[in-house]
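Below, each chain spelled out in residue letters.
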Amino acid sequence: EIDFPFVFPAEGEEVLDYGIVKVADGGEQPLTITNNGKYEVGYRFAFARPKRSAIAKYITVETVDEGEYQGKPNGVLAADASAEIKVIFDSKAFPGEEEVNFKDNTDLRCYVSELLTGEEILNNPIKVSVRSVFSKYRVLPQKGISFGALTYDTQKTRTFDIVNQGEFDFSFEIKCITSLVRSRPGTSLGRSSLESNEEGEATADGGIKFGNFTVTPAAGSVPPNGEKQTITVLFEAAGQAIFSEVLGIQVTERDPAADPNGMAYELSGESCVPGILVSDFLQIFEEAAVLRKPPADPDQPIASTFIEEERVFYFGPRLVDSRAEVRVKIVNPTKVTVTVDLAMSAKGAEPTAFEVVEGRLTIPMHEHRYATVYFTPQGLLTYTAVFEASVVDGSDEQTNRLAFDVTGDGTLPRVAIREPTLRNEAGQALVNFRRLLVGKVHTAPLHIVNEGILPATVRFSRTGPWPAPQDSREWVDGPGCFSFSGRGAEVFLNSKEEKRFEVTFRPKAAGDFRGSLEMVVLKNEFERNIIELKGEGYTKDVAFESMSDGTDDTLTFGQVPVGVPKELSFAISNTSGKVFRFSFPSDPMFSFTPSVGHLHPRESKTVVASFLAGRSVSYSELLLPVSLTQIECTEEPRDWDNNMKDVEWIPDDGASLSPVDESLDASALLNQSYPAPPVSPRDGRRGRRRARKVTRIKPEPAHRPVLVGDPPEEGAEDTRAAAEDTLDLKASADADYLRYAYVVKGEGGDPEDADALPSLVFAETMMYRTRAHAFRFRNASRSRMEFGWRVCDLAGEEDDSPEAPFSVEPQAGALGPGEAVDVVVKFSPTEVDEYQRRLVCFIPHLGTRVARPP
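Computed from a predicted structure; not experimentally measured.

Here's the deal with the pairing of strand β45 (residues 590-593)
- Residues of β45 alternate between two faces, with Phe 590 and Phe 592 buried on one and Ser 591 and Thr 593 left unburied on the opposite face.
- Both β45 and strand β47 (residues 604-611) contribute to a ladder of 4 bridges, which runs antiparallel. The residue of β47 that forms the bridge with Phe 592 is Ala 609.

Here it is, written out as structure tokens:
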């Protein structure tokens, strides 16, 4: 019978329960064994299968009692004796296997044996329960703290928590381990603690400072079961740099294999110097034009443009009292918020016309804000000011200030009157119409141009009286004989743009007429132009019309070569109810067709005037009086002039030719023979005479002159004179022999005329290359000269083939009196050869003469 009881620490439980133990501390449990038998027995604590037992290596069994078996897992126990046994648990000697959890493990056995025979009489399993743990903790936030970008010389505080997630409290200590770990990606530019003191500097409040970071507290303890300790980190920004430190959070009784130097916890921050963009003007003036330098043309206006070389923004010309603006883009390229103060300051003694509304801008990192600069000119001046944007606390001179000049001109729209060119005594434009017959029309141009550099709007009034009212609101209608094509219109003109209008004068009665026209330039109180309209209407029985130059009595033939006829047509009109006979004068150089004729009431005749100079002459308003006689027809009235002809066929002997009234105009009789129409075979009898064509002037209708005065008494002699008058006709002409000359350099180097040029000799020229000679060709006469150049061969035939080696420019043209042209002769060979050509100038009417009559 075996009586060997076991006494466990916990009453009523047969288990060695260590509970939860720290790996670093381990555990120890007492066990009492008693031999209640009659004989001495041996005992031994061992594991049933030690190599396969997971708990065997952690458990050590020792006898507590002093004696031979003290400290051993076995011994001898006498009858009625007891032994104290301690079972030790220790896992820290097994790296990576320190934390274990066993529940009622029975691998540990107590073997009891008979000493005499060695027979094992008892095999009692011992239940063991134990869980060993390291300190469990967590740091929040997990990935470290990034302070981001701070303005230099500022501070920022952030916190992190050390949370105890274990069953035991632990102590912690924070050290700098930057040099022991690799920097995280993106922190390689930061200042590491190699540049600072890794031991840190203790602070009075229990913290420690590592470089630019201060950690408070640097050490302490944290209770278990989710309690936490808040750690405050202060970052002090300095200069323009990136800072980074790695903290080692060392927790007592933690797993040394996981964090040998403590948990790495990174702190990072960037210190920035605030600044703005000061050189990229394409961004700064994104809504305006940006040029590197001013335009090459100094007269070209510059508006809404920034010139980089001058660092000047040009508003350009702006209307006085108007408001222009430009937005300046203030860009913050840094990682911190910047504050920018804006200011405008005038340059020179003139008052500033510029204004910036925003006095201060706050711009977040990598963003922009707009500063609006307003320009409001108060007068016709050039204004200049300095725009300045200064960064508050900006210490970098390259980015803390944006400054440039701003300039603009105050101006007013200006519209000038180009036509008419006449001005009255007050300096106002004067439209002076020529004398007009009542009912006739004359139109004069009104030509305006915007001479300013701003667009302008012009408003015209209706035609008004003369003198014009001082106040536009008192404007009334003027004489009805004047009309204007732009009456009451508002006309918009761009800079340098021109517009043309027409002013018409149609007199309805005889007399002098005066009117006015008002032209107002809007937005310019000084631009009120009064245009005077002046015309005269008259009545006349017979007058000239449709003169080529717009006059009422002058024929202008202009420049005519000698011997070359020139014709002008005009009309002679009868505006009365009478009948007149007209007769143009006979002149050796001027002729008129018809020269004699009748004008019936309200009738008009077209007259062709011819000028043919037989020598070099010059006439200026030569008087050619036209005779007028009032007549009354003695037969049925009919139209007649000496240009009306009758044609008839008469026998070639002229026997039936009736006499012609040579008193009319003998030279007008054309008596020319022409072949008669073909004779048919039936009429082709032998001896039949041929007929000829004869042209005769129609006979003048019978008439008698109208006498002036009362008729005499019956039987008395009638001494009344015929009702005759003279109509003055003027003629201007300039005739000269055509002459040309070549302009060459004289002995003194001055240009002079020459009659001929030496031969043009071209140097040897490679094929498909070009050489050129030039000479000056001049019209040496007072008449207009046409010319045409041709390249001819030596036989005089024109060489106009595509492969012709010579060419001339210009090939044709016209020169006024005294004008000259540069003639260029080019030699472009396409074959290896020697070439010789003749340059010929064809000039119509060159050397003309009028043949003398035989």
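Observations concerning the sheet that holds strand β36 (residues 482-484)
- Here we have 4 strands laid out as an open sheet, ordered β31-β34-β38-β36, and antiparallel in their pairing. This sheet does not close on itself; its edge strands, each paired only once, are β31 (415-419) and β36. Strand-to-strand twist of the sheet, defined as the mean angle between neighbouring strand axes without regard to direction, takes the value 25°.
- Pairing analysis gives 4 bridges linking β31 to strand β34 (residues 442-450), with the strands arranged antiparallel. By the bridge assignment for β34, Val 415 is matched with Asn 450.

Here's the deal with the pattern of salt bridges
- This model, assessed by the stated rule, comprises 42 salt bridges.
- Glu 167 is paired through a salt bridge with Arg 131; the nearest N and O atoms lie 3.6 Å apart. In this pair, Glu 167 is assigned in the loop between β12 (155-164) and β13 (170-176) and Arg 131 in strand β9 (residues 120-133), connecting sequence segments 36 residues apart.
- Between Glu 419 and Arg 500 there is a salt bridge; the shortest N-O distance is 3.0 Å.

Overview of unusual backbone geometry
- For the bond from Leu 140 to Pro 141, the omega torsion is -5°, close enough to zero to count as cis.
- Inspection of the secondary structure assignment puts Pro 141 in the loop between β10 (137-140) and β11 (145-151).
- The residue after Thr 593, namely Pro 594, is reached through a cis peptide bond having omega -5°.
- In this fold, Pro 594 is placed in the loop between β45 and β46 (596-599).
- Even without a glycine there, the phi angle at Arg 602 is positive, about 60°.

Observations concerning the sheet that holds strand β27 (residues 360-363)
- Across the sheet, which stays open at both edges, the 7 strands sit in the order β21-β22-β23-β30-β29-β25-β27 with mixed pairing between neighbours. With one partner strand each, in any of the chains shown, β21 (289-291) and β27 form the two edges of the open sheet. For this sheet, the mean inter-axis angle between neighbouring strands, taken without regard to orientation, is 25°.
- By the bridge criterion, 7 bridges tie strand β23 (residues 312-319) to strand β30 (residues 401-411) in an arrangement that is parallel. Each residue of the ladder has a partner; that of Leu 319, found in β30, is Thr 411.

A word on the layout of surface pockets
- Taken as a whole, the largest pocket encloses approximately 1,000 Å³ of empty space.
- Lining the largest pocket are 34 residues; nearest its centre among them are Leu 760, Val 761, Phe 762, Phe 806 and Arg 837.
- Those elements giving two or more residues to the lining of the largest pocket turn out to be β53 (740-745), β55 (771-779), β56 (785-792), β59 (820-827) and β60 (838-842).
- The biggest single contributor to the lining of the largest pocket is β60, with 3 residues.
- Each residue belonging to the lining of the largest pocket can be placed in one class, and the counts come to 24 nonpolar, 3 polar and 7 charged.

Basis of the calculations
Residues numbered from 1 in each chain as written. Predicted model: local features only at pLDDT ≥ 70, side-chain atom pairs only at ≥ 80, totals over all residues. Heavy atoms only, no water. Buried < 20%, exposed > 50% of the residue type's maximum accessible area, 1.4 Å probe, protein only. Helix = DSSP H or I, 4+ residues; strand = E, 2+ residues; numbered from the N terminus. Pairing = 2+ DSSP bridges. Axes fitted to C-alpha atoms, helices over the stretch in contact; angles between N-to-C directions. Salt bridge = Lys/Arg side-chain N within 4 Å of Asp/Glu carboxyl O. 1 Å grid on protein atoms, 1.4 Å probe; cavity = no way out; pocket = protein on both sides within 12 Å on 5 of 7 lines; lining within 4 Å. Points joined across faces, edges and corners; volume = space filled by probe spheres on them. Nonpolar A, V, L, I, M, F, W, Y, C, P; charged D, E, K, R; others polar.

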